[in-house]
Amino acid sequence: MLVKIYHNPRCTKSRQTLELLEEKGINPEIIEYLKTPPLFQELSDVIKLLGIKPRELLRNKEAAYGENNLSDKTLSDEQIIKIMIENPILIERPIVVVDNKKAAIGRPPENVLVVL
């Protein structure tokens, strides 16, 4: 089983999710997405695996949300994804991807158990 976690080490939920994975004997590939933002296709694929729209992956309390006028409902999915790549702090975290076939957001951390 190949497991990846899009991780922010400063985020409590992200650290808790990583710890939960490790407790289950899983040594995931850790992607610190703030240092290495995903490419457009990669983030698009993750969003599809999550079964959500790009807007649902946005952290709307971040300053970058307002600065990029993300409350504008006329923005396309592609525009939103591009803004998230340019401002990775906007991407909800953590995201766990299993075998590039299933994904879950670790809020709460136990959410990821359904994809393991």
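Use the structure listed above.
A. Representation of the nonpolar core. Leu 43, Leu 57, Leu 70, Met 84, Leu 90 and Ile 95 are the most contacted members of the largest nonpolar core, which has 24 residues in total. Among the secondary structure elements, those contributing two or more residues to this core are α2 (40-50), α3 (63-67), α4 (77-86), β3 (95-98) and β4 (102-105). If you tally residues by element for this core, the top one is α4, at five residues. Setting aside its immediate chain neighbours within four residues, Leu 70 contacts Arg 55, Leu 58, Ala 64, Tyr 65, Leu 75, Ile 80, Ile 83 and Leu 90. Judged by nonpolar contacts, the second largest core, of 11 residues, contains Val 3, Ile 26, Ala 104 and Val 115.

B. Region of the structure containing the pattern of salt bridges. This model, assessed by the stated rule, comprises five salt bridges. One salt bridge connects Glu 32 with Lys 35, and the closest N-O pair in it is separated by 3.4 Å. You can call Lys 35 exposed: its relative accessible area is 66%. With its nearest N and O atoms 2.9 Å apart, the salt bridge here joins Arg 59 to Glu 92. Residue Arg 59 is located in the loop between α2 and α3, and its partner Glu 92 is located in the loop between α4 and β3; the two are separated by 33 residues in the primary sequence. According to the relative accessible area criterion, Arg 59 is buried, its value standing at 17%. Here Glu 92 falls in the buried class, since its relative accessible area comes to 18%. Linked through salt bridges whose partners overlap, the residues forming this network are Arg 59, Glu 62, Glu 92 and Arg 107.

C. Spatial organisation of the side chain of Lys 4. As for its position among the elements, Lys 4 is in strand β1 (residues 3-7). The side chain of Lys 4 is buried and forms no salt bridge, while Glu 42, the nearest opposite charge, is found at 5.0 Å. Among residues more than four places away in sequence, those in contact with Lys 4 are Glu 29, Ile 31, Ile 95, Val 96, Val 97 and Asn 100.

Scoring rules and cut-offs
- Residues numbered from 1 in each chain as written.
- Predicted model: local features only at pLDDT ≥ 70, side-chain atom pairs only at ≥ 80, totals over all residues.
- Heavy atoms only, no water.
- Core = buried A, V, L, I, M, F, W, Y, C linked by side-chain atoms within 4.5 Å.
- Buried < 20%, exposed > 50% of the residue type's maximum accessible area, 1.4 Å probe, protein only.
- Helix = DSSP H or I, 4+ residues; strand = E, 2+ residues; numbered from the N terminus.
- Contact = heavy atoms within 4.5 Å.
- Salt bridge = Lys/Arg side-chain N within 4 Å of Asp/Glu carboxyl O.
- Lys, Arg positive; Asp, Glu negative; His and termini not counted.

It is worth stressing that arrangement in space is one thing and function is another; only the former is reported here.
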